[in-house]
Amino acid sequence: MALVTHYPFQLYCGQLITLFKKAKTNTNPALFLYKNKVRVPVFMAESILRVSNKLFEDKQIKEWHSTIKKLEDYLGQIENYIEVLADFSKLKTVKVQQLEYVSGKLDKAVEKLNSKLMKNDFYLDELAQMNKEFKINFNDKTIVLKLHEEIRSELIDACEFFNQFPKGFTDMEKQVHELRRKLRWISIYGESFQGLIVLKETKEKYPWEKNFITQKEIKNPFNKLPENKKLSQHLMLNKKAFYALSFMISNLGTIKDKAFALYFLEKSIRKTNTEAGINSAILASKQLGAKYTEDSLLKEAHTLLNNYFNKYKIYEVLV
């Protein structure tokens, strides 16, 4: 019986080509792409290119990864500003000038992506090339073993990165958000490889289960991985540890969003307030009704990550 080939990248690349062709005929292609949730297939495609770049060290794959990564960065900026603007708009304490400042930032982010799309003819040539030439069959024992080791290596790398800050964090973006990114990729691999990665049930009871697995993780659609029983090779991940990984990503994301809102509201006050003697940090906290500070959020993130990596060593159970 012939070996089943498995090209998950082509699924996402095809989705991107379809969306970018439609965007080309739209008056505001950047917003069209955002509203049509293009960031999901971008993330999926990027994850496969990201790990393939590490597995094969191919110059062409590296260039493709760089292209998709830049697109994801532009889309991420737009999403951040849209979400912040929506949250700030709900607060009667936030002034019109501050909302206009955020809106201006959003307009610039949209304009930047639109400019890149026009300049690169909507990346259609690059996407067509990727779709045609990225022909790695992932239903291969050697590649699956390499992928297994790469995921294990990335988790160890994340733990080592965390342990560089034993006394606590000092930077939300460069430390907390960077660690969240490292963990998030592991989770995205689970979805993006379309059935190659399987969650393995376990009867073992872990001391961390109660704190790291909630109904939110169990019901999360991204934690129900695609099945493909036709593949001869599968990579097994511990189901409970995968749920715990999802918990970490979600909670670190909440911490990051709170910090970003504080930072951005404070910045909007500094840029728009003409009154003398205003403490923008205190005013930002008041306007948000925040019972937390950036320092308290950094401590919260550090405690959470220390429990994950050092107290319970959950990352070691995952792979």
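Undergrad: Give a detailed account of the overall build of the protein, specifying residues and quantitative values.
TA: What the protein contains, in helices and strands, is 14 helices and two strands. Based on the C-alpha atoms only, the size of the protein along its principal axes is roughly 75 × 55 × 35 Å. Across the 319 residues that make up the protein, the buried fraction comes to 48%. A separation of at least 24 residues holds for 82% of the contacts in the protein among residues at least 6 apart in sequence. Summing over all exposed atoms, the protein offers an accessible surface of approximately 16900 Å²; the carbon and sulfur share of this is 51%. Here the protein carries 52 positive and 38 negative side-chain charges, and the mean point of each set is 3 Å from the other.

Undergrad: Describe the nonpolar core, listing the residues and the values that go with them.
TA: Proteins that are soluble and globular tend to have nonpolar side chains buried together. Judged by nonpolar contacts, the single largest core of 107 residues is most densely connected at Phe 20, Leu 183, Tyr 308 and Phe 309. Beyond its immediate stretch of four places on either side in the chain, Phe 309 contacts Leu 155, Ala 158, Cys 159, Phe 162, Leu 179, Leu 183 and Tyr 315.

Undergrad: Explain the pattern of salt bridges residue by residue, including any values.
TA: Taken as a whole and judged by the stated rule, the model has 17 salt bridges. Close ionic contact of Asp 157 with Lys 182 constitutes a salt bridge, the shortest N to O distance being 3.0 Å. On the criterion of sequence distance, the pair formed by Asp 157 in helix H7 (residues 141–162) and Lys 182 in helix H8 (residues 172–192) is long-range, its members being 25 residues apart. Look at Lys 182 and you get buried, because its relative accessible area is 17%. Taken together, the salt bridges that share partners define one network made up of Asp 157, Glu 173, Glu 178, Arg 181 and Lys 182.

Undergrad: Describe in detail the packing of aromatic side chains, supporting the description with residues and values.
TA: Here the structure, examined in full by the defined rule, presents 17 aromatic pairs. Between Tyr 101 and Phe 264, the ring centres sit 5.9 Å apart and the planes meet at 35°, which makes this aromatic pair tilted. Separated by 163 residues along the polypeptide, Tyr 101 in helix H5 (residues 96–119) and Phe 264 in helix H11 (residues 239–272) bring together distant segments of the chain. Residue Tyr 101 is classed as buried on the basis of its relative accessible area of 16%. When the ring of Phe 161 is compared with that of Phe 165, the centres are 5.5 Å apart and the planes differ by 70°; the resulting orientation is edge-to-face. There is no split in this pair, since Phe 161 and Phe 165 are both buried. Among the aromatic residues, those joined into a cluster by ring pairs are Phe 161, Phe 162, Phe 165, Phe 169, Tyr 308, Phe 309 and Tyr 315. Note that Lys 135 overlies the ring of Tyr 7, its terminal NZ or CZ placed 5.1 Å from the centroid.

Undergrad: For the packing of H11 against helix H12 (residues 280–288), give the residues involved together with the corresponding values.
TA: Angle between the axes and distance between the axes are the two parameters that describe a pair of packed helices. As a packed pair, H11 and H12 sit with axes 8 Å apart at the nearest point and diverge in direction by 120°. On the basis of the axis angle, H11 is oblique to H12. Classified by chirality, the crossing of H12 by H11 is right-handed. Facing H11, whose interface residues are Ala 261, Leu 262, Leu 265, Glu 266, Ile 269 and Arg 270, H12 presents Ser 280, Ala 281, Leu 283, Ala 284, Ser 285, Gln 287 and Leu 288.

Undergrad: Residues and numbers for helix H4 (residues 59–89), please.
TA: A rise of 1.5 Å per residue sets the reference length of H4, with its 31 residues, at 45 Å; its end C-alpha atoms lie 45 Å apart and thus fit the reference within 8%. N-cap assignment for H4: the residue whose side-chain oxygen lies 2.8 Å from the backbone N of Gln 60 is Asp 58.

Undergrad: Any chance you could break down unusual backbone geometry for me, citing the residues and the numbers?
TA: Unusually for a residue other than glycine, Glu 57 sits at a positive phi of about 45°. With respect to the helices and strands, Glu 57 occurs in the loop between helix H3 (39–56) and H4. Here Asp 121, not a glycine, exhibits a phi torsion of approximately 50°, which is positive. The topology assignment puts Asp 121 in the loop between H5 and helix H6 (124–133).

Undergrad: Describe the environment of Tyr 189, with residues and values.
TA: Of note, Tyr 189 is situated in helix H8. You can call Tyr 189 buried: its relative accessible area is 0%. Between the C-alpha atom of Tyr 189 and that of Lys 108, which follows or precedes it by 81 residues, the distance is 32 Å.

Undergrad: Can you tell me about the side chain of Lys 267, naming the residues and giving the values?
TA: Along the chain, Lys 267 falls in helix H11. In this structure, Lys 267 is buried with no salt-bridge partner, the nearest side chain bearing the opposite charge being Glu 266 at 11 Å. With sequence-adjacent residues up to four places away left out, Lys 267 is seen in contact with Tyr 101 and Lys 105.

About the thresholds
- Residues numbered from 1 in each chain as written.
- Predicted model: local features only at pLDDT ≥ 70, side-chain atom pairs only at ≥ 80, totals over all residues.
- Heavy atoms only, no water.
- Helix = DSSP H or I, 4+ residues; strand = E, 2+ residues; numbered from the N terminus.
- Buried < 20%, exposed > 50% of the residue type's maximum accessible area, 1.4 Å probe, protein only.
- Contact = heavy atoms within 4.5 Å.
- Areas by Shrake-Rupley, 256 points an atom, 1.4 Å probe, with all protein chains shown as cover.
- Lys, Arg positive; Asp, Glu negative; His and termini not counted.
- Charge placed at Lys NZ, Arg CZ, Asp CG, Glu CD.
- Core = buried A, V, L, I, M, F, W, Y, C linked by side-chain atoms within 4.5 Å.
- Salt bridge = Lys/Arg side-chain N within 4 Å of Asp/Glu carboxyl O.
- Phe/Tyr/Trp six-rings, centres within 6.5 Å; stacked < 30°, edge-to-face > 60°.
- Lys NZ or Arg CZ within 6 Å of the ring centre and 35° of its normal.
- Axes fitted to C-alpha atoms, helices over the stretch in contact; angles between N-to-C directions.
- Parallel < 35°, antiparallel > 145°, perpendicular 65-115°, else oblique.
- Left-handed = near helix turned anticlockwise from the far one by under 90°.
- Expected span 1.5 Å × (residues − 1).
- Polar contact = N/O pair within 3.5 Å; in protein donor to acceptor, adjacent residues only side chain to side chain.

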